[in-house]
Amino acid sequence: MEFPEVDFPDGVYADVRYERVASTMVTIRDGSLEDATARSTTGAFLRVRKGGRWLYASTTDLGSISARLAAMARSTALPAVKGAPDVESQLVAHKAQDRRIEGRVVSSIPIAEKIDLLRSQMGVMQRPTVRSWGAIFLDTHRARRFVSSKGADVRREHQVAGWGWQFALAEGTRTWSDRAEGGGESFEELAASLARLPSHVEHSEEFMRHAEALEPGPRTVVLAPPVAGVFAHESFGHKSEADFMLGDPNMLEEWRIGKPVGSPILSIADDGTLPGPGYTPYDDEGQRAERTWLVKDGQLMGRLHSAETAAALGESRSRNARAMDFTFEPMVRMTTTFIAPGSSTKEEVFSGVDDGIFIERCRHGSGMSTFTIAPSLAWRIRGGKIAEPVRVNVITGSVFETLGLIDGLSDELELHRAVLGGCGKMEQYPLPVAFGGPYVRVSRMMVA
Amino acid sequence: MNREIVRLRTSSSSIGVADGHVASLRTKDTLETAARIYDGGYVGIASAVGPTDEDALARAATEALALQIPHGPGPARDSTSDTTHGGALPEGDAMVAEVEALLAPLRKRFPTFVYSNRVTAQKTELTVENDVGVRHRYAATEVGVGLVIKERGSPNIMDGALVCEAEAFDAAGMLDDVSPWLEAWERKAEGFAAGRHTVVFRGLSELDGRFRSELLGRRLATGASMFAAKLGERVFSDRFTLIDSRNAAKHRVAPFDLEGTLRSDPDLALIESGVVKLGAASRREAARYGVPATGNATGPLQALPAGAVGHLEPAPTASSLADLLDGPAILVDFSAGGDANETGEVGLPVQLGWWIDRQGRPLGRLPQLMLSGNLYRLFGEDYVGTTRERVGRFRDEPFVVVKMDVHG
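Read on for an overview of the structure. (Residues numbered from 1 in each chain as written. Chains lettered and ligands numbered in written order. Predicted model: local features only at pLDDT ≥ 70, side-chain atom pairs only at ≥ 80, totals over all residues. Heavy atoms only, no water.)

### Structural notes on the nonpolar core
Heads up, the condition is: Nonpolar cores were defined as sets of buried Ala, Val, Leu, Ile, Met, Phe, Trp, Tyr and Cys residues, with membership established by side-chain atoms within 4.5 Å. Buried, partly exposed and exposed residues are distinguished by accessible area as a fraction of the type maximum, computed with a 1.4 Å probe on protein chains only: under 20%, between the cut-offs, and over 50%, respectively. To qualify as a helix, a DSSP run of H or I must reach at least 4 residues; to qualify as a strand, a run of E must reach at least 2; elements of each kind are numbered from the N terminus. Between two residues, a contact is recorded if the distance between any of their heavy atoms is within 4.5 Å.
Among the nonpolar cores identified, the biggest contains 99 residues, and W165 and L223 of chain A are the most heavily contacted of them. Sorting elements by how many residues they give to this core places helix α5 (residues 225–237) of chain A first, with six residues. Once residues within four sequence positions are removed from consideration, L223 of chain A is found in contact with A228, F231, F358, I359, I395, P438, Y439, V440 and M445 of chain A. Membership of the second largest hydrophobic core comes to 67 residues, among which are V99, L103, V119 and A184 of chain B.

### Side note on the side chain of T27 of chain A
All names here are of chain A. With respect to the helices and strands, T27 occurs in strand β1 (residues 13–29). Note on T27: relative accessible area 12%, which makes it buried. When neighbours within four sequence positions are excluded, T27 is seen to be in contact with S32, L33, E34, D35, A135 and I136.

### A few points about the packing of aromatic side chains
Put simply, the rule reads: Aromatic contacts are taken between Phe, Tyr and Trp rings whose centres are within 6.5 Å, Trp giving its six-membered ring; a plane angle under 30 degrees counts as stacked, one over 60 as edge-to-face, and the others as tilted. Ring-over charges, as used throughout, are those where CZ of Arg or NZ of Lys falls within 6 Å of the ring centre and within 35 degrees of the ring normal.
For the structure on display, the rule yields 30 aromatic pairs over all chains. Centre to centre, the rings of F227 of chain B and F236 of chain B are 6.0 Å apart; their planes meet at 75°, and the pair counts as edge-to-face. Take F227 of chain B: its relative accessible area is 0%, and that puts it in the buried class. Overall, F236 of chain B belongs to the buried group, its relative accessible area being 5%. With 6.0 Å between their ring centres and 85° between their planes, F227 of chain B and Y376 of chain B make a pair best called edge-to-face. Of the two residues, F227 of chain B sits in the loop between α5 (217–222) and β10 (242–245) while Y376 of chain B sits in helix α8 (residues 375–378), which places them 149 residues apart along the sequence. Classification of Y376 of chain B as buried rests on a relative accessible area of 16%. Put simply, the rings of F211, F227, F236, F240, Y376, F379 and Y383 of chain B pair up and form one aromatic cluster. A cation over an aromatic ring shows up here: K28 of chain B above the ring of F328 of chain A, its NZ or CZ 3.6 Å from the ring centre.

### Considering the pairing of strand β20 (residues 385–391) of chain A
Regular strands show a simple pattern: their side chains alternate between the two faces of the sheet. Residues and elements named next belong to chain A. The test is simple: Whether two strands pair depends on DSSP finding at least two bridges between them.
Where strand β8 (residues 212–213) lies against β20, two bridges are found, and the strand directions are parallel. Along β20, the bridge assignment pairs A213 with R391. As defined by bridge partners, strand β19 (residues 378–382) adjoins β20 across three bridges and the pair is classed as antiparallel. By the bridge assignment for β20, I381 is matched with I386. Linking two consecutive strands that pair antiparallel, namely β19 and β20, is a turn of two residues; a positive phi of about 55° is found at G383 within it.

### Some details on the sheet that holds strand β15 (residues 336–339) of chain A
Residues and elements named next belong to chain A. Under the convention used in this document: To get an axis, a line is fitted to the C-alpha atoms, and for a helix only the part in contact is used. The angle between two axes follows their N-to-C directions and goes from 0 to 180 degrees.
In spatial order, the strands read β12-β11-β10-β15-β26-β23; together these six strands make up an open sheet with mixed pairing. On the outer flanks of this sheet lie β12 (299–300) and β23 (414–416), each paired with one strand and no other. In this structure, strand β11 (residues 292–296) lies alongside β12, joined through two bridges in antiparallel fashion. Within the sheet, the bridge partner assigned to K296 lies in β12 and is Q299. Running over the sheet, α5 touches β10 (268–270), β11, β12, β15, β23 and β26 (434–437) and is turned about 115° from β26.

So this is what it looks like as structure tokens:
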């Protein structure tokens, strides 16, 4: 995990983020090995703060970094601006090492073992309803080093491994496509999550056979923990990213700390110290992570910052500057975002619903002032019990109204730690994140 | 044993924009290389980012043959092409000046908005070469403006986007293109009510998701596609033809795919006159599933290419938008989060929509809407048509017009 030392130019703030990524991808489709590749890539992202603006460069030529920094420091491409935020004062020069490796280093495990892991479950797909399927294994081991002209030197090492299984079911005129996935921080823990695949497929079969369309309209909705996590991420997490507030003092007033934004039982946090794909003990500006409460007891409590947004908005910083990889600059991003659990049992959350919808899994979500979640598996709730499956395209609603309509939270937090996919923001997708929550009951959502 | 090398070089200068001003300049120059070795019905692959020894990479790919990844057809043969789109791009100081020439008038003429995100000038060169006569090269330059706009005081994180793509930067032209919409921002749509409406999309917009996921050769062949049972049947309007285009004379696309396949006809109809005809497939998939190879092999260079739909748009049924509209209609400017299920039911939330006249000019801005319909009807009885006219000078998409139910 050695990366070269850097000679920083005088008179400017500069930093370098090294990254070495070793990844493996295995794909099996319809029983045949489709792909099995391993790759290791090393590169660096360079930043120079000059005249109140940033010069960035990415390179795979690690021998040229000091010379490139010097050239960037001499560059006149960006004229200086007055009144730029004092970013440098926000950056604490930590010296630290964080190595979070569970089990074997995934890049050291022979690829044949990873192929065998997927092959061990191929028999699950031997069902008359399964028309086509694809399985993927993915692991990533990242070693990073952040150094700055202020003297920071943060080394960290982390790995994730996961699997995803997509399958297309058909019976008569009915078809249904679904997916299952699992992940963690070690290869060794994947077998346990893969053991759930048979029941997952059976559950999807039941859905395909019996799901009927649902009349659109407002409904009481219970969100399963992974769906609640998507809701928290999309509906409120992105709104908490402070770079969206730059240049708009009115929005800062609209989003003033302490403002009621949701039900009094609602609390939402982002926490880079939690294990999983969102694990970011130091962000990509070398800043040490901690839990940031975005909403606490229904009131706006904080937001997510990079050094630049904290300086520009005059707020205490969080440590949420992250980049997808060494070819991108860090921007304000989430890590592990979740709705905090409440005090009801899961049964109590459901028992309060006479006629409603349970969203068990979802395909995707998005959020502006209106959020949307595209469910995959959804079920009718009748008399407080989960009843027949229903086909739902989208659930949607006003973010602000819906956050105020949360009236039930179960008492256990479940985090979704899949390693396939991630969060997208502008050009940077996918960034590894995690999300979750308890079972969340909303008294009214538009089901379409 | 056959050897194939794929190289993708990308150089870019990208200007970051914050609060309507140039905030950063980022430069990138990346070379990605993949080596594939074909032998005895198997393929081995190895890849690298950065300058690399291609012989060493080929040796690694040869070692990967031991994994026995099947590849029935082996490499493509005897096919060459050389295509270039665009020319030189501005760099450094010049690029900053060009972007400022766009931002300064935006700030002055439309100060109620905050502009952010980025403008990128990118040069790409893709080559696919092998030792059995494949020599393809595609080079393209493109300037992409992707500015997020947010109305000052709006509680939203964004209210819309200004999107322009061109082979060269044209600040004045781009400003002309986006100005009518910003000028109309405060105008509320008069005479609009929820109900059944004519809806205009720029390209297929979010409606294309199901076509992309279901019009794949492997899914059609295995019965997994929602269209599998309808293959060869007319299930859409006979005026609806859906084209996957590798036509470099019409669009900024490479005429070949990542297996080095060059189509005899670059415009491939996946749905023709309403009939589901075939799905996108790589050569490897074609051999395995017994479907036609369509020259649609794509994917990251780290992996072996797989079939995927590329540049997708309906064939034109009319010259201009005015030919398709008989009165005001809804234009979907920005939508996210919609979906269509396996039975074709579509739910589409529209975050930014406009009430437009027959020429496509804005009459007023609409509130957020929810659109619904069924994919078979949208491109069946509810299909109005697709224009030959492009949606703007800087967006290579037609207008696609359908009837939909609109909920407030």
